[in-house]
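# Report on the structure
Spelled out from the first residue to the last, the chains are:
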Amino acid sequence: MSVLSGKNILLGITAGIAAYKTAHLTRLLIKAGAQVKVVMTPKAKEFVTPLTLSTLSKNPVLSEFVTKDQENELWNSHVDLGLWADYMLIAPATANTLSKMAKGTADNLLIATYLSAKCPVYVAPAMDLDMYKHPTTKDSLAKLSSFGNTVIPAESGELASGLFGAGRMAEPETIVSFIEKHIMASLPLFGKKVLITAGPTYEAIDPIRFIGNHSSGKMGFELAKRAANLGAEVVLITGPTSQSCEGLPIQRIDVVSARQMYDAVFEHFDTVSIAIAAAAVADYKPKNVALQKIKKSETSLLIELSPTQDILAAMGNAKGKQYLVGFALETENELVNALGKLERKNLDCIVLNSLQDKGAGFKKDTNKITLIDKSKKNHEFALKSKAAVAVDIFNLIIPNIDA
Ligand code: CTP
């Protein structure tokens, strides 16, 4: 899935011949899952029609401060457009527009919108060879970069004038992948590997039956999704669950028993920066697994249980630079029990759930947590969706991990 998926992108088009490529550029942005609104300079309409762009972007194309709609005059608020956008891309950006952007000359809707936008702005310059080389253009681009905008360099090749050299707008595919890579690299967990355990484990009694628990895996999957959205490389080791993370850049490893989960965790633990144990691992397993189905009889059946490995405690033992997070699901003496686990398992942080809280616990879409870090500071949160809880957990982790 592209990092542009679900994002609002304002595409500004100015009057250069490369404007004809913006139809394809709009398609690529839509294909990446973005919502696109187009703002054109009035002259850009001579190079590509608003009808083409409104059809492809599925939004009206704006180019004037005021649009006449039969009897009414409608004000196109550049402020609202600027607030709507997650990213603004100006492609092609002519020398004239670059200069106006650098000086703040808001004499058209596009520049006014650029000045109102608070989001990251990308410019893809396009002009002829000597214009691109001109010190004025270089000065505009340097100024725009110094204001925090990102320049997508023009490419070299045959120009519309017939001259050969730098000045061609980057190809639409290049522009989209440049922006995707740039956004990825700016994400707080880019370059970090995150390991998450999720779901229940099943401990076999015989070929048919097992000891398990009610964990749905929802919390662990939300954590994995959040980590992926923050740019991390994610390894999700999960017990049996109906949850899905399809389409996301998550390496999912399905396991059944605590032993399998342990083995999968330690294949990756050395290379991760963050490990979060959200799985409800069975604490006991049948000491002997019957090879054949256990038959019914009139007498009571005793199954002897032996402890499973404590995967989280083993991670705590092996821990180097990893930031280690555990969960504690408690029914009584919540804080004391959670603190005990934090210390015993050598954790950096523990997420406490109490089954006494309505809306918290297994199979629910919501959760109510208290985060306790190594300094024993408590952070209590309101009842919220598990997706929002995952946001809170990473907000606490990110400032505390090694760069
Ligand atoms: N955990 C684990 N391996 C186990 C048991 C638990 O990795 N065999 C992890 C869980 O994923 C969770 C944390 O340890 O992050 C605490 O789990 P919990 O069941 O609350 O605590 P236990 O240590 O099992 O203690 P108790 O059941 O006595 O409360």
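Below: a short report on this structure. Remember, it's a predicted structure, so these values are computed and weren't measured experimentally. (Residues numbered from 1 in each chain as written. Predicted model: local features only at pLDDT ≥ 70, side-chain atom pairs only at ≥ 80, totals over all residues. Heavy atoms only, no water.)

Per the counting criterion, the structure on display carries 17 salt bridges. Residue K376 is joined to E343 by a salt bridge in which the shortest nitrogen-to-oxygen separation is 2.9 Å. One end of the pair, K376, is in the loop between β21 (369-373) and β22 (378-380); the other, E343, is in helix α12 (residues 334-344), with 33 residues separating them in the sequence. You can call K376 partly exposed: its relative accessible area is 45%. The partner of K384 in a salt bridge is D392, and the shortest N-O contact between them spans 2.8 Å. Given a relative accessible area of 12%, D392 falls into the buried group. (Salt bridge = Lys/Arg side-chain N within 4 Å of Asp/Glu carboxyl O. Helix = DSSP H or I, 4+ residues; strand = E, 2+ residues; numbered from the N terminus. Buried < 20%, exposed > 50% of the residue type's maximum accessible area, 1.4 Å probe, protein only.)

Let us look at the sheet that holds strand β7 (residues 150-151). Judged by pairing direction, the sheet is parallel, and its five strands sit side by side in the order β2-β1-β5-β6-β7 without closing on themselves. Both edges of this open sheet fall to β2 (35-40) and β7, since each of them pairs with a single strand only. Relative to β7, strand β6 (residues 121-125) runs parallel, the two sharing two bridges. Residue pairing for β7: V123 is matched across the bridge by V151. With respect to the sheet, helix α2 (residues 50-57) is in contact with β1 (8-13) and β2, its orientation differing from that of β2 by roughly 165°. (Pairing = 2+ DSSP bridges. Contact = heavy atoms within 4.5 Å. Axes fitted to C-alpha atoms, helices over the stretch in contact; angles between N-to-C directions.)

Turning next to the sheet that holds strand β15 (residues 274-277). Spatially, eight strands are ordered β14-β13-β10-β15-β18-β19-β21-β22 in an open sheet, and the strand pairing comes out mixed. What marks the edges here is a single partner per strand, and that holds for β14 (250-254) and β22. Across the sheet, the axes of successive neighbouring strands diverge by a mean angle of 15°, strand direction being ignored. Examined bridge by bridge, strand β18 (residues 323-330) and strand β19 (residues 349-354) share six bridges and lie parallel to one another. When the bridges of β19 are listed, A328 appears paired with L352. Contacts from helix α10 (residues 258-268) reach β10 (193-198), β13 (233-238) and β14, with the element oriented near 175° to β10. Seen against the sheet, α12 touches β18, β19, β21 and β22 and runs at an angle of roughly 150° to β19.

To continue, consider the nonpolar core. Of all hydrophobic cores here, the largest spans 35 residues; its most connected members are L223, I274, I276, I393, F394 and I397. For this core, the elements supplying multiple residues, two or more each, are β10, α9 (218-229), β13, β15, β18, β19, β21 and α13 (386-397). Apart from residues lying up to four places away in sequence, I276 is in contact with L195, I196, T197, L223, V325, F327, F394 and I397. Judged by nonpolar contacts, the second largest core, of 33 residues, contains L4, V36, I175 and I183. (Core = buried A, V, L, I, M, F, W, Y, C linked by side-chain atoms within 4.5 Å.)

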